[in-house]
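Structural description and commentary
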Amino acid sequence: MDAIAFAASEKRRCDRLATVCLVTPVEHVEHVDLVERLRLPVLWRGYASAGRHLPRLVVPGVLVLAPLGLVSLLVLPVALGDEAALVDRRLELLWASDAALLTWTFVPVAVALVAQTLVFPATVLMAAGQLTGRPVPPVAALRAAFRRWPAVLALAVVALLVVALLVVAGLGFVAMPAAGAGLPRVTGSRGLATLLVAGVGLAAMPGLLAVPAVLLHGCSALGAIGRACRLSLVNPARVAFALAAGVVAVPAAAGWALERGLATLPDLTATPVAALAWPMFALAVTPFQAAVVARQFLSCVAWRTGVDDDDLRHGLPGNPSAEDPRPDGARLLTLALLPGLLFGGIVLVNPFRWPELRETDVTEHWTSVDGRSAHEPRLGPYDLRELYPGRGPGPVMVVDGFEDLASLLSCADAFCERTDFRWAEREGGYETAAASVATARLPDGRLIMTTWRSGSLELLVCESWGCAPAGEERIARTGASPRWIGTALAARRDGGVVVAIARHEPVDGDPEEDVVSFVRCPDPRCARPDVREVARLDPAAYLGSVRVLAVAVGPGDRPVAARFDSVSGQIQVISCQDAGCRLPARVTRPVPPLPRRPEHDRGAETGLALAVRPDGRPVIAYRDLADRTVELLDCATPDCARAQVITLGGGGPNHPTPALALDGSGAPLVAFFDRGQRRLMLARCAGGRCVSTAVARVRGGAGEGLAMTLDAEGRPVIAWIDDGGALLGGEWRLVVTTALAVPHIAP
């Protein structure tokens, strides 16, 4: 009964005030100082009032939001666990699924919005008290807002529905103009549709006056909406524009300016400064918005007949004769800054040992392929081949597109924020239809690569300014198309090189077979090549975009090669017993062929990556043709006669070959795309056991390019393609990820 009586009394009060405040406006009324003052234009006077009383008006936000921030920071490490990483000093969830990411995004936003349904009304009450000369203490304002919280929450739900409808309408004319569907079909043009959506949003602005109507006049949610609409009839356009500017436009512009300013800060300080700036901005902007709403509401009331000062102050909580104590500025500022300071400290110190990563979108400011000159190298979503440490501070990428000449993408800094793009091969007889170039890094930091020119295999040596022929000697010649010849290249410790060549040769009365040869060169000029045939294998396909033949140099400059049969899935390892391969080479088959490859999987080719550890044992990363899982072949002997296959993760049919490198201790590092989670993974293997962790989140899809190297400090640097549907004209990115610190896989 008490609740019913209270509701009835509130309705009677709302109706009584309606008879006072909602009659026809007149042009001449008795001049009352407060009434006349509140009839003046709203926007800048509301902002001026909020600025004068800002320390007092931020108290409700500090009392509610700061404790929530502190509780969130206490829950953060327990809730995130191993899912988090610091990417460019920003906290990101790399391991979380899409559903978990949606939850992590929705829950904090929902909690903040619910908190604002208490903070904003309390601030409106305090702003109204300041405007009418009757200050309201922060605690009293919060208590009054809490008593009316169900009605305010109902208003918030209505506001969210209106915003959602506007967003859907806006997306309708952005996403469906080609089909002529949705809003553009009605309006006939996207510009007119935009104006229509903006007009509807502007017309909904007076609904903000429902908040003070609930608090000061005791109206229900629906009654307050009606009251707000009738009050705005005093001058509908002026009311709507004042509220739109004061509550939406000016705060949005200030937020945009703050975001632009934070973007200019160095990465080391950007996140800690943002952790302080954004909470302070959120606390400061609410009083300005609340002051505009409160002043506009009181202004509309003041323009009615029969209104005096007591009517304007009606509904304000607190004791009119009581003094309003001045807030303690030092304690208030400390409490407001504490969550941001703690979060900034967590990001800087990283006490929870989250992976620390640096990610650069190389193509973010890249000139489009269509806009580049035909005489300049071009970068496509399928062109990334290799990544090496450069002679300067940044790495160098080898780019070789389909039926295009090879080029070098050099990074001018360690994280590849600035690049230089130059041709490696130039016009003049070089074979664009040949398989991809084979490359290696010489001990002095230069790159050496193979190239086909007029049916002959040559070597190019690449400096920072470009590439030039290493010498006049032709390493190999062929009468067949170089497209079907496999080549691989490795550098020796003394500056020489080893070239592995595999090509089809007919055999009398028998099918063709592949003849594998090693070409040893004492120096990059290769003036005296030493050619040794080391194996005859069943024929295999050598494709330009897939590396199925690899060669490396082990201890004592002993060459080791591996070949992946992209039809049967078999891997053969060819190892010389001495540096010159004078003794017969050994051929082992640690991965047997598949009994029968599924027909639907044809064309989804993959390759392998090879490295030789300091003790001479090879390691090979590849994808199993049967189920596309990522495997590491861990050889127990130098000839890989005994080996262990370790499964690292699942993969899709179009995922690229895993990237492989050895860390400072000789342990294999493998970069690969995980199938279900859409993550770029990094694994470290030792003692027959591998530990992997996510180092990047794939936004579009796993592209065909993936390469890895180590920088001067021994940190993994991974170049990869994030493909959002480039084949169908979608967007794609070339990304460079540097693992600054990954405790999960550290030795």
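My aim in this report is to walk through the structure given alongside it, one point at a time. (Residues numbered from 1 in each chain as written. Predicted model: local features only at pLDDT ≥ 70, side-chain atom pairs only at ≥ 80, totals over all residues. Heavy atoms only, no water.)

Quick look at the overall build of the chain now. The helix and strand tally for the chain stands at 16 helices and 31 strands. Burial status across the chain gives 50% buried among its 747 residues. Counting only contacts in the chain whose residues sit at least 6 apart along the sequence, the fraction spanning at least 24 positions is 59%. Of the roughly 34200 Å² of accessible surface on the chain, a fraction of 59% belongs to carbon and sulfur atoms. (Helix = DSSP H or I, 4+ residues; strand = E, 2+ residues; numbered from the N terminus. Buried < 20%, exposed > 50% of the residue type's maximum accessible area, 1.4 Å probe, protein only. Contact = heavy atoms within 4.5 Å. Areas by Shrake-Rupley, 256 points an atom, 1.4 Å probe, with all protein chains shown as cover.)

Here the focus is the environment of valine 736. Tracing the sequence through the fold places valine 736 in strand E31 (residues 732-741). Remark: the alpha-carbon pair of valine 736 and phenylalanine 415, spanning 321 residues in sequence, is separated by 7.2 Å. For valine 736, the residues in contact, after removing those within four places along its chain, are Arg358, Glu359, Thr360, Val362, Met397, Cys416, Val717, Ile718 and Ala719.

A side chain of one charge can pair with a side chain of the opposite charge when the charged atoms of the two come close. Counting across every chain of the model gives 28 salt bridges. Glutamate 92 is the salt-bridge partner of arginine 90, the closest N and O atoms lying 3.3 Å from each other. For arginine 715, the salt bridge identified is with aspartate 711, shortest N-O distance 2.8 Å. On the basis of relative accessible area, arginine 715 is assigned to the buried category, the value being 18%. Overlapping salt bridges, with partners in common, bring together Asp88, Arg90, Glu92, Arg358 and Glu417 in one network. (Salt bridge = Lys/Arg side-chain N within 4 Å of Asp/Glu carboxyl O.)

So, about the packing of helix H3 (residues 43-52) against helix H14 (residues 267-302). Two numbers describe how H3 lies on H14: the axes approach to 8 Å, and their chain directions differ by 130°. In terms of orientation, H3 and H14 fall into the oblique class. Crossing of H3 against H14: the hand is right-handed. Across the interface between the two elements, Leu43, Arg45, Gly46, Tyr47, Ala50 and Gly51 of H3 pack against Pro287, Phe288, Ala291, Val292 and Arg295 of H14. (Axes fitted to C-alpha atoms, helices over the stretch in contact; angles between N-to-C directions. Parallel < 35°, antiparallel > 145°, perpendicular 65-115°, else oblique. Left-handed = near helix turned anticlockwise from the far one by under 90°.)

What follows concerns the sheet that holds strand E28 (residues 689-697). Overall, antiparallel pairing links the four strands, which are arranged E25-E26-E27-E28 in an open sheet. Of all the strands in the sheet, the pair left with one neighbour each is strand E25 (659-662) and E28. Sheet twist, expressed as the mean angle between neighbouring strand axes with direction ignored, is 20°. (Pairing = 2+ DSSP bridges.)

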